[in-house]
Amino acid sequence: MEEALVRAHLRQDPVLAAYLENAAPLQWPLHTDMYETLLRSIVFQQLNGKAAETIHNRFLSLFTDKNPEPEEILRLENTQLRQAGLSGQKSQYIRNVAAFALENNRLNMDWERLSDEEIIRFLTQIKGVGPWTVEMILIFSLRRPDIFPVDDFGIQQSIK
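Residues numbered from 1 in each chain as written. Predicted model: local features only at pLDDT ≥ 70, side-chain atom pairs only at ≥ 80, totals over all residues. Heavy atoms only, no water.

### Considering the overall build of the protein chain
How we decide: Helix and strand definitions here come from DSSP, where helices need a minimum of 4 consecutive H or I residues and strands a minimum of 2 consecutive E residues; each element is numbered from the N-terminal end. Burial here depends on accessible area, computed with a 1.4 Å probe over protein chains only, as a share of the maximum for the residue type. Under 20% is buried, over 50% is exposed, and the range in between is partly exposed. Each accessible area is a Shrake-Rupley estimate made with a 1.4 Å probe; only the visible protein chains count as cover when residues are assessed.
For the protein chain, the count of helices and strands is ten helices and zero strands. Listing each helix as α and each strand as β along the protein chain from the N terminus yields α-α-α-α-α-α-α-α-α-α. The principal-axis extent of the C-alpha atoms belonging to the protein chain is close to 55 × 35 × 35 Å. Evaluated residue by residue, the protein chain yields a buried proportion of 37% over its 160 residues. Carbon and sulfur atoms make up 51% of the accessible area of the protein chain, which totals about 10100 Å².

This is the structure:
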């Protein structure tokens, strides 16, 4: 969605309109490296930003040039992933993403041509990647603004 459209919509609210007068332009780059996005998403699941960033950086430091190739992930010992701060479950989910990526290069796709539903259906085949995770990827990585993550706890609390 164009930034101008977003700003025009938000300006309908007088409080937001005043804020937008001084707000910097949106920085919302398209990020289509799904393998990298999934790894980061799993690390960040259910953690606050600072803790997740620390663990993610420790995880990336396990790899040459901080580039975790699927084969390298699958060769790591669980203890190495745990020392980076990943739980046993997240370590397995990371391995699931790596295995899925290796299987016929399954994460190299033209994500922009797929519908939201197709992406959700495809990525939730990976154990550890649920609908909420894919919805966050759709919103924040693929810039799909028409997603409403109904299972998000924060949204549910706000609605109540």
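### Some points on the layout of surface pockets
Worth spelling out the cut-off: Method remark: on a 1 Å grid restricted to protein atoms, a set of points is classed as a cavity if a 1.4 Å probe fits but cannot get out and as a pocket if it is open with protein on both sides within 12 Å along at least five of seven lines; lining residues have an atom within 4 Å of a point. Grid points are joined across faces, edges and corners, and a volume is the space filled by probe spheres set on the points. Classification used: nonpolar for Ala, Val, Leu, Ile, Met, Phe, Trp, Tyr, Cys and Pro, charged for Asp, Glu, Lys and Arg, polar for all others including Gly.
Its volume calculated, the largest pocket comes out at about 420 Å³. What lines the largest pocket is a set of 17 residues, and nearest its centre among them are Arg40, Ser41, Phe44, Phe140 and Ser141. Class assignment for the residues of the lining of the largest pocket results in seven nonpolar, eight polar and two charged.

### Remarks on the nonpolar core
Heads up, the rule is: Put simply, a nonpolar core is a bunch of buried Ala, Val, Leu, Ile, Met, Phe, Trp, Tyr and Cys residues held in one set by side-chain atoms that sit within 4.5 Å of each other. In what follows, residue pairs with any heavy atoms lying within 4.5 Å of each other are defined as contacts.
Counting residues in each nonpolar core, the largest one holds 35 residues, and the members touching the most others are Leu38, Phe59, Val97, Leu107, Trp111 and Leu123. Residue assignment for this core shows that the elements contributing at least two residues are α3 (34-44), α4 (49-60), α7 (88-102), α8 (116-123) and α9 (131-140). Once residues within four sequence positions are removed from consideration, Trp111 is found in contact with Thr32, Met34, Ile119, Phe122, Leu123, Leu142 and Arg144.

### A word on α3
Most of α3 is tucked away: eight of the eleven residues are buried. Residues of α3 that are buried: Met34, Tyr35, Thr37, Leu38, Leu39, Ser41, Ile42 and Val43. If you follow the buried residues of α3, they end up packed against α4, α5 (70-75), α7, α8 and α9. Looking at the residues trailing α3, positive phi occurs at Gln46, about 60 degrees.

### Points about the confidence of the model for the protein chain
Rules: Values of pLDDT, which run from 0 to 100, indicate the predictor's confidence residue by residue.
With 95% of its residues at a pLDDT of 70 or more, the protein chain has an overall mean of 89. Confidence, expressed as mean pLDDT per element, reaches its minimum in the protein chain at helix α10 (residues 153-159) with 71 and its maximum at α7 with 97.

### Details of the packing of aromatic side chains
Going by this rule: Stacked, edge-to-face and tilted are the three classes for Phe, Tyr and Trp ring pairs, Trp counted by its six-membered ring, which pair at centre distances within 6.5 Å; planes under 30 degrees apart are stacked, over 60 edge-to-face, the rest tilted.
Inspection of the entire model under this criterion finds three aromatic pairs. With a centroid separation of 5.4 Å and an interplanar angle of 65 degrees, the aromatic rings of Phe100 and Phe122 are classed as edge-to-face. Linking Phe100 in helix α7 with Phe122 in helix α8, this pair joins segments that are 22 residues apart in sequence. With respect to class, Phe100 is no different from Phe122; both count as buried. Ring geometry for Trp111 versus Phe122: centroids 6.0 Å apart, planes at 55 degrees, classification tilted. Taken together, the residues Trp111 in the loop between α7 and α8 and Phe122 in helix α8 connect sequence positions eleven residues apart. On the basis of relative accessibility, which here comes to 16%, the residue Phe122 falls in the buried class. An aromatic cluster of at least three residues, connected via ring pairs, comprises Phe100, Trp111 and Phe122.

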